[in-house]
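# Descriptive analysis of the structure
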Amino acid sequence: MTGPDAAGAPVAPGRLTGVGVGPGDPGLLTRRALDVLARADRVVAPTTSPDEAGRAEAVVRGALPDLEVTRLPFDMTGDGAGGAAARQASHRAAAARLLPWLAAGEHVAFVTLGDPNIYSTFPSLVDAVRQHDPQVAVDTVPGITAFQELASRSATVLLDGTESLALVTALDGPAHLAEALDRGASAIVVYKGGRHVPALASLLRRADRLEGAVLGELLGLPGERIAPLAEAADGPASYLATVIVPPARPGGSPSPDPGSDRPT
Ligand SMILES: C[S@@+](CC[C@H](N)C(=O)[O-])C[C@H]1O[C@@H](n2cnc3c(N)ncnc32)[C@H](O)[C@@H]1O
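This text gives an overview of the structure that appears in the document. Just so we're clear, the structure is a prediction, and the values are computed from it rather than from any experiment.

## Describing the site of the ligand
Taken together, 22 residues lie near the ligand, and Pro 23, Gly 114, Ala 146, Tyr 191 and Leu 219 sit nearest. Mapped onto the shell around the ligand, the elements with two or more residues apiece are β8 (214–217) and β10 (241–245). A breakdown of the residues in the shell around the ligand according to their chemical character gives twelve nonpolar, seven polar and three charged. Lining the shell around the ligand are residues from two domains, each supplying at least three of them: domain 1 (15–141) and domain 2 (146–245).

## What to know about the pairing of strand β1 (residues 15–20)
Regular strands show a simple pattern: their side chains alternate between the two faces of the sheet. Counting buried positions over the six residues of β1 gives five, a clear majority of the element. In the sheet, β1 pairs with strand β4 (residues 107–112) via six bridges, with the strands oriented parallel. Bridge pairing in β4 links Arg 15 to His 107. Where β1 meets strand β5 (residues 137–141), five bridges bridge the pair, whose relative direction is parallel. Across the sheet, Arg 15 pairs through a bridge with Ala 137, a residue of β5.

What counts and how
Residues numbered from 1 in each chain as written. Predicted model: local features only at pLDDT ≥ 70, side-chain atom pairs only at ≥ 80, totals over all residues. Near = placed C-beta within 6 Å. Helix = DSSP H or I, 4+ residues; strand = E, 2+ residues; numbered from the N terminus. Nonpolar A, V, L, I, M, F, W, Y, C, P; charged D, E, K, R; others polar. Domains from an automatic or database assignment. Buried ≥ 20, exposed ≤ 12 C-beta atoms within 10 Å, placed from the backbone. Pairing = 2+ DSSP bridges.

If you want it as C-alpha cells, here you go:
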C-alpha cells in the first residue's frame, strides 16, 4: 500500500511496467523498451531458478549488458490445469517481492518475452499485485511477437487484403487448431504447440493446409530452427515453438524477397 514515508511526507504511488522484449534476438528490442529499461528504478525478470538468467533477462543482457536485473522465481510448469495452483502461488510470491518497492514509489519494469499483452505472465502478476495495492499504476511497452519474427524470417506474408488471423494455442493438443480450421480462419498462428508438432502437421495435411506452413523454434535463441512444418513433422519441438499456417490462397501467395539482407 502506498502511504507516507518515515518523515510523514506522502510517497508517490509506484508504477509497474510490463516491457515486451521480443522473442529472442536483442536486435528486436524497441527503442521505447530500451528507454524504459534504462530509466526504471528497478528491472525485474522472471526465472525458474534464481541462479540462472531467464530468457527475457538474457535478451535484455544482449542489448544492455551492464543493466542490473533482479530475478523473480516463477513456476513455469506450463498452463495446464495441474500447474495452476503452483503458478498462482508463484505469482503471489513474486507480487510480495514487488510490493515494498512499489510502496516506496519505485518504477519497476518487468521484462517478458514477445509482447506483454499476448499470453504473458504479466497480467497475472498485475492481478496479484493489485490484490494488495489496487492503486498501483500499470502500463505496458509492446514487444515484437514470435509470430511476427517467424513471418519475417520465413518470408511468409501473414495477411493480405481482407484476410483474417486466428491465434490459437496447442498446449494439450491440436483441438484449437481444428476449431480454427473449421471456422475457415484464413491465417492461423499456433503457440505452445511444440510437444504436438506431429499431430498439428497431420491435422493440417488432412485439411490440405500443410503446404506453406512453417515452424519456428527458439527464434533468436541457441538451437533456433526455422523449417517448413512438413519437414519438421517427425518429432516434437521445444515449448518455444511457433507455427504459421498461411491463408489458403487459390491464386498463390504474394512473395516478398526472402530477406537475404537481414542483419544478424
Ligand atoms: C507464454 S507464450 C508467450 C508469447 C509472447 N508473449 C509473444 O508475444 O510472442 C509462449 C509461446 O510463445 C511462442 N514463442 C515465444 N518466444 C518464442 C521464440 N523465441 N521462438 C518460437 N516461439 C516463441 C511459443 O509458441 C511459445 O509456446
